Amino acid sequence: MSLYDDAVLVLKSYEDQEDLRQAYLDHLAAHPDGMWKACTAGHITASALVIDPEHGRVLLTLHKKLRMWLQMGGHCEPADATLEVAALREATEESGITGLSLLPGGPVRLDRHPIPPPCHCHFDVQYAVVAAPGAVQEISDESLDLRWFAYDEVSGVADESVLRLLEATRARL
């Protein structure tokens, strides 16, 4: 099965955000290359909120280009077999933490947001991953900073998209 086929199956089985879910499916139907950064009409991305439920905190990255505190994530790559694999890869690469485990139940949220040209839109499929107790993060080249924030601190540093992802993740826990 291709990554495109996996994305369609994941989105068809996702039970929340019906209108947005359908917009993702419509985009993929109209753009067979919609999984890839080269699709300038917009493309699917995969992200993951790194969470430490034992200590009530999340790990956010200060994105180098956007200069915003965000969850880990980014573009799908040809070697990614599934959206889950892409999200887990991105979380591992950007956090430096090995042994992350996906929170069961598939995507936590969808978030479509504009990005600067030449691309115009990310259709982000958002997951959550759990860090093992005592996990140590390591900053990547894509980040200006990497920091753990208590759940109640996130609203002071991150935008509404991250807050909605945190809220949905905590509800799933």
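Calculation notes
Residues numbered from 1 in each chain as written. Predicted model: local features only at pLDDT ≥ 70, side-chain atom pairs only at ≥ 80, totals over all residues. Heavy atoms only, no water. Salt bridge = Lys/Arg side-chain N within 4 Å of Asp/Glu carboxyl O. Helix = DSSP H or I, 4+ residues; strand = E, 2+ residues; numbered from the N terminus. Buried < 20%, exposed > 50% of the residue type's maximum accessible area, 1.4 Å probe, protein only. Expected span 1.5 Å × (residues − 1). Arc of directions from axis to C-beta. Contact = heavy atoms within 4.5 Å.

**Student:** Help me understand the pattern of salt bridges, please; the structure alone is not making it clear to me.
**Tutor:** Taken as a whole, this structure holds 8 salt bridges when the rule is applied. In this structure, the salt-bridge partner of R89 is E77, at a minimum N-O distance of 3.3 Å. In this pair, R89 is assigned in helix α3 (residues 83-95) and E77 in the loop between β4 (72-75) and α3, connecting sequence segments 12 residues apart. The class for R89 is buried, based on a relative accessible area of 15%.

**Student:** Would you explain helix α4 (residues 160-172) in this entry?
**Tutor:** Each full turn of the α-helix corresponds to 3.6 residues, which orients residues three or four apart in the same direction. Its 13 residues give α4 an end-to-end C-alpha distance of 18 Å, which sits within 8% of 18 Å, the value for a rise of 1.5 Å per residue. Inspection of α4 places S161, V162, L165, L166 and T169 among the buried residues, and these make up the whole buried set. Projected down its long axis, α4 shows its buried positions confined to an angular sector of 135°, all on one face. In α4, those exposed residues whose orientation departs by more than 90 degrees from the buried face are E160, E167 and A171.

**Student:** Help me out: how do you make sense of the environment of L100 in this one?
**Tutor:** Relative to the elements of secondary structure, L100 occurs in the loop between α3 and β5 (101-102). Given the relative accessible area of 9%, L100 is considered buried. Once the C-alpha coordinates of L100 and A128 are considered, the two residues, 28 residues apart in sequence, prove to be 9.7 Å apart. Ignoring anything within four residues of it in the chain, the contact list for L100 reads V50, L88, A91, T92, S95, V129, V130 and A131.

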